[in-house]
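Residues per chain are reported as follows:
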Amino acid sequence: MAIQLRSAAELEKMYHAGQVVHEVLNKLRAEVKPGVTTMDLERIAEGLIAGRPGKAAFKGYRGYPCVLCTSVNSEIVHGIPSSKRKLREGEVVSIDFGMEVDGYYADSAVTVPVGKITPELQKLLDVTRESLDRAIDKMRPGNRLGDVGHAVQSWVEQNGFSVVREFVGHGIGTKMHDEPNLPNYGEPGRGARLQEGMVIAVEPMVNAGRPEVQMRGEWVAETADGSPSAHFEHTVAVTSNGPWILTRPKEMTGPSW
Ligand code: MF3
Ligand code: CO
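Note that this is a predicted model, so its numbers are computed, not measured.

**Q** Looking at this structure, how should I read the coordination of the cobalt ion (ligand 2)?
**A** Geometry sets the ideal angles at a metal, namely 109.5 degrees for four tetrahedral donors and 90 or 180 degrees for six octahedral donors. Within the protein, the atoms that donate to the cobalt ion (ligand 2) are Asp107 (OD), His170 (NE2), Glu203 (OE) and Glu233 (OE), at distances of 2.1 to 2.3 Å. Site description for the cobalt ion (ligand 2): donor spacing in sequence, D-x62-H-x32-E-x29-E. Here histidine 170 lies in strand β7 (residues 169-171) and aspartate 107 lies in strand β5 (residues 104-113), a separation of 63 residues in the sequence. The exposure classification of aspartate 107 matches that of histidine 170, with both residues buried.

Following this line, the structure appears as structure tokens:
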């Protein structure tokens, strides 16, 4: 199967789903403070989407139990909300959320400091977020997937951090995970050529230490060396006017998160 090209009407639907995702993540971000549990965030998210059209994309996906993924510190992705996991001052939590509205998906994630964090952790967040910005800037017709992956990898490695290999960005549309895969590494000029109408969830996962992953149970991916990890994600369409971030309001410009 080839990479799907979405019509203007389809992109509008994905933008609509993306606005719900953005609103929920933005509200959750403001709730993160010491003492809050990751299950509190899950409950808040459930409350925000109750009674709205569409449904949360993750809950029930291959048996995943929650609407959010909440990955704390050395957890890279797919951390499961828990009432036993109180956030503590100095930690970081990645909140990942997706919606399906009217048959179309949007997916986004942001890593948030809990209270005051060390300058080194802040640098991890800044570098990961900027690697997403740089990747998004490559999402233009005629560029290749390798240009996008390389933008992430080069920025991350030149700042002394490492990119996770086991999880990748992905095409998204009428399914949450579609073709193509988008590794957060690559060589410029390699890979499939980007065309108008392609939509990809771009999602750098960056470890402060070594890149290796270790699984805890069926879902939770954590760093093998215990170092902290960060994750930022947006659903991005390739258009003739350049990248269109579907998971934030059109009028927002500047840094992706
Ligand atoms: N944003 C994640 C992804 O792109 C969310 C998947 S969590 C799952 O893969 F539970 F739905 F698998
Ligand atoms: Co994703």
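**Q** In this structure, what is going on with the packing of helix α3 (residues 119-137) against helix α4 (residues 145-158)? I would like to understand it.
**A** Any two packed helices are characterised by the angle at which their axes cross and by the distance between the axes. Relative to each other, α3 and α4 sit at 150°, their axes nearing to 8 Å. The orientation of α3 relative to α4 falls into the category roughly antiparallel. The two elements α3 and α4 meet at a crossing, and its hand is right-handed. Where α3 abuts α4, its residues Val127, Glu130, Ser131, Arg134 and Ala135 lie against Val148, Ala151, Val152, Trp155 and Val156.

**Q** Quick question: what am I supposed to make of unusual backbone geometry here?
**A** What is expected of a backbone is that most residues other than glycine have negative phi and most peptide bonds are trans. Cis geometry marks the peptide bond from glutamate 179 to proline 180; its omega dihedral reads 0°. Relative to the assigned elements, proline 180 resides in strand β8 (residues 178-182). One non-glycine residue, arginine 62, lies in positive phi territory at about 50°. Tracing the sequence through the fold places arginine 62 in the loop between β1 (55-56) and β2 (68-72). One non-glycine residue, histidine 78, adopts positive backbone phi at about 65°. Looking at where histidine 78 falls in the secondary structure, it is placed in the loop between β3 (75-77) and β4 (92-101).

Rules used throughout
- Residues numbered from 1 in each chain as written.
- Chains lettered and ligands numbered in written order.
- Predicted model: local features only at pLDDT ≥ 70, side-chain atom pairs only at ≥ 80, totals over all residues.
- Heavy atoms only, no water.
- Donors = N, O, S within 2.8 Å, 3.2 Å for Na, K, Ca; no water.
- Helix = DSSP H or I, 4+ residues; strand = E, 2+ residues; numbered from the N terminus.
- Buried < 20%, exposed > 50% of the residue type's maximum accessible area, 1.4 Å probe, protein only.
- Axes fitted to C-alpha atoms, helices over the stretch in contact; angles between N-to-C directions.
- Parallel < 35°, antiparallel > 145°, perpendicular 65-115°, else oblique.
- Left-handed = near helix turned anticlockwise from the far one by under 90°.
- Contact = heavy atoms within 4.5 Å.

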